[in-house]
Amino acid sequence: MHLLTWLILSLLLSTIECSKYIAKHKGTPGTLTHRVYLKNADNVPISPFHDIPLKVRDGVYNMVVEMPRWSNAKYETSKKEKLNPIIHDSKVYDGVERVRYVHNVFPYHGYMWNYGSIPQTWEDPNFIDPHTGVGGDNDPVDILEIGSKVGYVGEIKEVKILGVIALIDKGETDWKVISIDINDPMAESLNDIGDVNEKMPGLLAASRDFFRNYKVPRGGQYNIFGFEGEWQGREFTENLLEETHGKWQELLNRESKGKIMTENTSNTGSPWHISKKEARAILQSNPPYTPKAAVPPPDSVQHVSFVERTVSEPVCSVVEREAENACLP
């Protein structure tokens, strides 16, 4: 998505209530100051990590959108800042800290789905996952949403869980859950991972291909997977989310604070529960939202990187075309 288009969209949506939640922008887009906070229906700042429930109801989960489909700006929920705003991730390049953008790995542009995290989950780095043999990546569980509507940064989508793939990134477990917005026209026909292959052929293979290759353009290695790269189904995934929800509860109730900020406004039994007044003070400590001063991404963001793909595509030969229906999908 072009930065100008995204800015116009985000400006329109920055104060629009999505279900029970409102995205509130602070700082200047395209810079290290940009933050997207969440507020509840009572206009109280909340943490998208700790205050938004895992589930809306049985079978329906919340998703925090961090990167809309086809976008390149690398946004993520901050673990280092109080109330965990969604921030433009950064990295030091040539001694200077700069905001990050995702490479376009041919034939994809940015991320091919709405991408984000599942609230009230945590991949514990000290828990050795029996399915992967390594600990978690210290983040909320990542989630992809495959519906037709492009989301926006800070949107809270209500989704149906379909499956998961076990990415192993730099020796850490990094589950990637796949889902669909319950309001999407396809939602009724997608209930498990097999339905995705049937109704959206090629998507699961392309998604695995993306996660295998996406770090190569910036000098990284090919990623590897648990379960030999096979997607797991809905029941397995929902059990996984219950497990990581339990780990999040342990995190939130620790008496000694670690490196993850656990301030919240809704979990009154947590040692890190804060008042509405304190939450508003955190929000107001940020610079005002200045979209007109937005810094556009560098031209290099539109460059395309070429990496050997793993998705095989059958090609019909002249001989095969002579057979009736031989080349139909």
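You'll find the structure just up there.
What you see is a predicted model; the values in this text were computed from it and never measured.

Trainee: A description of the side chain of K26 should follow, citing residues and the corresponding values.
Mentor: Following the sequence through the fold, K26 ends up in strand β2 (residues 21-26). Buried charge K26 goes without a salt bridge, the closest partner of opposite sign being E81 at 12 Å. Each residue touching K26, except ones within four places of it in the same chain, is listed here: T33, H34, R35, Y37, L283, Q284, N286, P287, P288 and Y289.

Trainee: For the pairing of strand β13 (residues 142-145), give the residues involved together with the corresponding values.
Mentor: Burial along β13 is two-sided: D142 and L144 facing one way and I143 and E145 facing the other are all buried. With four bridges joining them, strand β12 (residues 114-117) and β13 adopt antiparallel strand pairing. Note on β13: the bridge partner recorded for G116 is I143.

Trainee: Describe helix α5 (residues 276-284), and please don't skip the residues or the numbers.
Mentor: Listed in full, the buried residues belonging to α5 are A279, I282 and L283. Across the axial projection of α5, the buried residues extend over an arc of 100°, all falling on one side. Counted as exposed and oriented over 90 degrees from the buried face of α5: K277 and Q284. Next to the buried residues of α5 lie β2, β3 (35-40) and β4 (45-46).

Trainee: Account for helix α4 (residues 234-252), with residues named and values stated.
Mentor: It helps to recall that an α-helix has 3.6 residues per turn; residues three or four apart then point in one direction. With 19 residues, α4 extends 26 Å from end C-alpha to end C-alpha; this agrees with the ideal 27 Å at 1.5 Å per step. When we look at burial in α4, the residues that qualify are R234, T237, L240, L241, T244, H245, K247, W248, L251 and L252. One side of α4 carries all its buried residues, which in axial view fall inside an arc of 165°. The inward-facing, buried residues of α4 contact β6 (60-67), β14 (156-169) and β15 (172-181).

Trainee: Talk me through the environment of V44; I want residue IDs and the actual numbers.
Mentor: By secondary structure assignment, the location of V44 is in the loop between β3 and β4. A relative accessible area of 3% places V44 in the buried class. For the pair V44 and Y21, spaced 23 residues apart in sequence, the C-alpha separation works out to 9.7 Å.

Trainee: Run through unusual backbone geometry, naming residues and quoting values.
Mentor: The step from F106 to P107 runs through a cis peptide bond, and the omega angle for that step is 5°. In this fold, P107 is placed in the loop between β11 (104-105) and β12. You will see that K170, though not glycine, has its phi angle at about 55°, which is positive. When you line up the elements, K170 lands in the loop between β14 and β15. With relative accessibility at 74%, the residue K170 sits in the exposed group.

Trainee: Provide a residue-level description of the environment of D124, including the pertinent values.
Mentor: Along the chain, D124 falls in the loop between β12 and β13. Sequence-wise, D124 and G136 are 12 residues apart; in three dimensions their C-alpha atoms are separated by 4.8 Å. Setting aside chain neighbours within four positions, we find D124 in contact with G135, G136 and K247.

Rules of the game
Residues numbered from 1 in each chain as written. Predicted model: local features only at pLDDT ≥ 70, side-chain atom pairs only at ≥ 80, totals over all residues. Heavy atoms only, no water. Helix = DSSP H or I, 4+ residues; strand = E, 2+ residues; numbered from the N terminus. Buried < 20%, exposed > 50% of the residue type's maximum accessible area, 1.4 Å probe, protein only. Lys, Arg positive; Asp, Glu negative; His and termini not counted. Salt bridge = Lys/Arg side-chain N within 4 Å of Asp/Glu carboxyl O. Contact = heavy atoms within 4.5 Å. Pairing = 2+ DSSP bridges. Arc of directions from axis to C-beta. Expected span 1.5 Å × (residues − 1).

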